Amino acid sequence: MVLILLNFEKRDIVLIVGLLLFMIGLIPFMAPVYAALITLVMYFGIKFYVAKRRKSIEKDIGEGICVDCGSKVFNKKCPNCDL
Ligand SMILES: [Zn+2]
């Protein structure tokens, strides 16, 4: 739990509440321990994804903006249009 507290952000509350509801929804189908484990894995997965995304957004700055949608261009590609 120390790791979670270290990186705690305000919008994490929304994520945690959502995941807690998800966990409660899982409990009728499996042991609470497994539901908690799945929820923890999801939490760290989402945190990892968000951190990676934020890093790539920071990297984008300076490469330009997409003509079609106005997104920041990354690796000469628009993350929205050139997937
Ligand atoms: Zn675009």
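Please refer to the structure placed before this passage.
Residues numbered from 1 in each chain as written. Predicted model: local features only at pLDDT ≥ 70, side-chain atom pairs only at ≥ 80, totals over all residues. Heavy atoms only, no water.

## Some thoughts on the overall build of the chain
Okay, so step 1: In terms of helices and strands, the chain carries three helices and zero strands.
Okay, so step 2: Counted from the first residue to the last, the chain has its helices and strands arranged as α-α-α.
Okay, so step 3: Scored against the burial criterion, the 83 residues of the chain give a buried share of 18%.
Okay, so step 4: Within the chain, contacts between residues separated by at least 24 positions form 25% of all contacts whose residues are at least 6 apart in sequence.
Okay, so step 5: Counting only carbon and sulfur atoms, one obtains 70% of the accessible surface of the chain, whose full area is about 6700 Å². (Helix = DSSP H or I, 4+ residues; strand = E, 2+ residues; numbered from the N terminus. Buried < 20%, exposed > 50% of the residue type's maximum accessible area, 1.4 Å probe, protein only. Contact = heavy atoms within 4.5 Å. Areas by Shrake-Rupley, 256 points an atom, 1.4 Å probe, with all protein chains shown as cover.)

## Details of the packing of aromatic side chains
Okay, so step 1: Across all of its chains, the model carries one aromatic pair by this definition.
Okay, so step 2: Centre to centre, the rings of Tyr43 and Phe44 are 5.5 Å apart; their planes meet at 80 degrees, and the pair counts as edge-to-face. (Phe/Tyr/Trp six-rings, centres within 6.5 Å; stacked < 30°, edge-to-face > 60°.)

## Quick look at the coordination of the zinc ion
Okay, so step 1: In the first shell of the zinc ion, the protein supplies Cys66 (SG), Cys69 (SG), Cys78 (SG) and Cys81 (SG), at 2.2 to 2.4 Å from the metal.
Okay, so step 2: Geometry at the zinc ion is tetrahedral, judged from its four donor atoms and the angles of 97 to 120 degrees they form at the metal.
Okay, so step 3: Along the chain, the residues donating to the zinc ion fall in the pattern C-x2-C-x8-C-x2-C.
Okay, so step 4: Given the relative accessible area of 37%, Cys69 is considered partly exposed. (Donors = N, O, S within 2.8 Å, 3.2 Å for Na, K, Ca; no water. Tetrahedral: all angles 85-135°; square planar, octahedral: opposite > 155°, others 65-115°.)

## Focus on a nonpolar patch on the surface
Okay, so step 1: Nonpolar side chains collect at one region of the surface, where Ile13, Val17, Leu21, Ile24 and Ile27 lie side by side and expose about 450 Å² of accessible area between them.
Okay, so step 2: Exposure remark for Val17: the relative accessible area of 45% places this residue in the partly exposed category. (Patch = residues over 30% accessible without salt bridge, like charges linked within 9 Å, V, L, I, M, F, W, Y side chains within 5 Å. Salt bridge = Lys/Arg side-chain N within 4 Å of Asp/Glu carboxyl O.)

## Quick notes on the environment of Phe74
Okay, so step 1: In this fold, Phe74 is placed in the segment after helix H3 (32-60).
Okay, so step 2: Looking at Phe74, the relative accessible area reads 25%, which means it is partly exposed.
Okay, so step 3: Sequence spacing of Phe74 and Glu58 is 16 residues, and the spatial spacing of their C-alpha atoms is 9.9 Å.

## A closer look at the environment of Leu37
Okay, so step 1: As for its position among the elements, Leu37 is in helix H3.
Okay, so step 2: For Leu37, a relative accessible area of 47% gives the class partly exposed.
Okay, so step 3: Measuring from C-alpha to C-alpha, the distance between Leu37 and Met23 comes to 9.1 Å, with 14 residues separating the pair along the chain.

## Section: helix H2 (residues 12-26)
Okay, so step 1: With 15 residues, H2 should cover 21 Å at 1.5 Å per step; its first-to-last C-alpha distance of 21 Å lies within 8% of that length.
Okay, so step 2: Listed as buried for H2 are Asp12, Leu15, Leu19, Met23 and Leu26. Looking straight down H2, one finds that the buried residues subtend no more than 75 degrees of arc, so they occupy a single side. Pointing more than 90 degrees away from the buried face of H2 are the exposed residues Val14, Leu21 and Ile24. (Expected span 1.5 Å × (residues − 1). Arc of directions from axis to C-beta.)

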